[in-house]
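One-letter residues, chain by chain:
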Amino acid sequence: MTGLTSNDGERRLVLISGRAHPELADDVAHELGVELVPTTAYDFANGEIYVRFGESVRGADAFVLQSHTAPINKWIMEQLLMVDALKRASAKTITVVQPFYGYSRQDKKHRGREPISARLMSDLFKTAGADRLMSVDLHAAQTQGFFDGPVDHLWAMPLLVDYVRTRVDPTNVAVVSPDAGRIRVAEQWAAKLGGCPLAFIHKTRDITKPNRAVANRVVGDVEGRTAILTDDLIDTGGTIAEAVRVVLAAGAKDVIVAATHGVLSDPAAQRLQDCGAREVVVTDTLPITEERQFDKLTVLSIAPLLARAIREVFDDGSVTSLFDGAS
């Protein structure tokens, strides 16, 4: 049987993957030294999804991995069905591993008569039978409180910082937050880069229109420096591309964009290629198909981080120890 047995021989870890991002699942399995549970999954003619596991998962600690990429509703539904199947197959524990948490941007009400969709996602997975959630760089940290159970909030920052540090002169950089709301994250970046200067972009957004924001000006000193523009995700790329132009107009020598989730909906690839950034760095929490790639794009593997976190959970260890006690 597939999986990993604990040192005392009493517990078994199994890793299960949906169809959204099989490459990432294979990489995580390789890092863990396990094989994925054989799974049958297909669509009926009307779009309904069927799933079945090819071996027993009774009594196992099951980790079911799915990236919420486009078409996002399909892959969320598939993961929900997998959780339900695990519950009915008598898995001991079920951990939902969602490197990108679908609907995470809808974590509060901006106007009346709106849903709080991020909360609904947590409720759906809890109802399906999930005991635990694991995700990377939630859009808002308080989303952890939406789920009635443990939530492992993983950070891609150490991975991104380590890479960016090799691409810049640390004595001549500035970290730039894309808006005032992410200044705390930018402060952590600046501290990890040796206490470099910090700036943020004053931005206005029309909440009635999705993917629309206007970058007005840079608050802080970036002149003559390499600006590290950080964010949690890049969707259509409009906001980041405009932010790059504003930072360059403020006198920055060049700009590196670093983000965790490369959603990269059209026309993001073209916008980012043409915006003037020296490099755009993301992780592979989401699959980046060939048509979404461009010359300046660098994709870092998130699999080692996911594998270490999964192993810590299975061994009853400390996930926060992976991030110097922070979460």
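Keep in mind it's a predicted model, so treat the numbers as computed, not measured.

**Student:** Just give me the short version of the pairing of strand 12 (residues 226-234), but keep the residues and values in it.
**Tutor:** In terms of burial, strand 12 is largely enclosed, as nine of its nine residues are buried. Taken together, the eight bridges between strand 12 and strand 13 (residues 254-262) define a ladder with parallel strand orientation. Across the sheet, residue Ala-227 finds its bridge partner in strand 13, namely Val-255.

**Student:** I'd like a rundown of unusual backbone geometry, residues and numbers included.
**Tutor:** With an omega of -5°, the peptide bond running from Ala-70 to Pro-71 counts as cis. On the secondary structure map, Pro-71 appears in the loop between strand 5 (61-65) and helix 2 (72-88). Cis geometry marks the peptide bond from Asp-266 to Pro-267, where omega comes out at 5°. Note that Pro-267 resides in the loop between strand 13 and helix 7 (268-274). A positive phi angle, close to 70°, is found at Tyr-103, a residue other than glycine. Topologically, Tyr-103 is positioned in the loop between strand 6 (93-98) and helix 3 (117-128). The class for Tyr-103 is partly exposed, based on a relative accessible area of 27%.

**Student:** Would you mind going over the sheet that holds strand 7 (residues 132-136) in detail, with residue names and values included?
**Tutor:** The strand order across the open sheet built from six strands is 1-2-5-6-7-8, with neighbouring strands paired in mixed fashion. Of all the strands in the sheet, just strand 1 (4-5) and strand 8 (151-154) have a single pairing partner and so form its edges. Bridge count for strand 5 against strand 6 is five bridges, and the pairing is parallel. Within the sheet, the bridge partner assigned to Val-64 lies in strand 6 and is Val-96. Strands in contact with helix 2 are strand 2 (12-17), strand 5 and strand 6; relative to strand 6, the strand with the most contacts, it is inclined by about 165°.

**Student:** Describe the nonpolar core, listing the residues and the values that go with them.
**Tutor:** Within the largest apolar cluster, 44 residues are counted, with the highest numbers of intra-cluster contacts made by Val-28, Leu-154, Trp-189, Leu-306 and Ile-310. With eight residues, helix 8 (residues 303-314) is the single largest residue contributor to this core. Once you skip the residues sitting within four places of it in the chain, Leu-306 turns out to touch Leu-24, Val-28, Leu-65, Val-97, Pro-99, Val-136 and Leu-154. Listed in part, the 30 residues of the second largest apolar core include Ile-201, Val-247, Ala-259 and Ala-268.

**Student:** How would you summarise helix 6 (residues 238-249) if you had to cite specific residues and measurements?
**Tutor:** Taking 1.5 Å per residue, 12 residues should reach 16 Å; helix 6 reaches 17 Å between its end C-alpha atoms and fits that length. Along helix 6, the residues that are buried comprise Thr-239, Ile-240, Ala-241, Ala-243, Val-244, Val-246 and Val-247.

**Student:** Describe the packing of aromatic side chains, and please don't skip the residues or the numbers.
**Tutor:** Taken as a whole, this structure holds three aromatic pairs when the rule is applied. Considering the side-chain rings of Tyr-42 and Tyr-50, the 4.9 Å spacing of their centres and the 25° angle between planes classify their relative orientation as stacked. Residue Tyr-42 is classed as partly exposed on the basis of its relative accessible area of 37%. Residue Tyr-50 is classed as partly exposed on the basis of its relative accessible area of 29%. Measuring from centroid to centroid gives 6.2 Å for Trp-155 and Phe-323, while their planes differ by 45°, and the two rings are tilted. Remark: Phe-323 occurs in the segment after helix 8 and Trp-155 occurs in the loop between strand 8 and helix 4 (157-165); sequence separation between them is 168 residues. With respect to burial, Trp-155 and Phe-323 carry one shared label: buried.

What counts and how
Residues numbered from 1 in each chain as written. Predicted model: local features only at pLDDT ≥ 70, side-chain atom pairs only at ≥ 80, totals over all residues. Heavy atoms only, no water. Buried < 20%, exposed > 50% of the residue type's maximum accessible area, 1.4 Å probe, protein only. Helix = DSSP H or I, 4+ residues; strand = E, 2+ residues; numbered from the N terminus. Pairing = 2+ DSSP bridges. Contact = heavy atoms within 4.5 Å. Axes fitted to C-alpha atoms, helices over the stretch in contact; angles between N-to-C directions. Core = buried A, V, L, I, M, F, W, Y, C linked by side-chain atoms within 4.5 Å. Expected span 1.5 Å × (residues − 1). Phe/Tyr/Trp six-rings, centres within 6.5 Å; stacked < 30°, edge-to-face > 60°.

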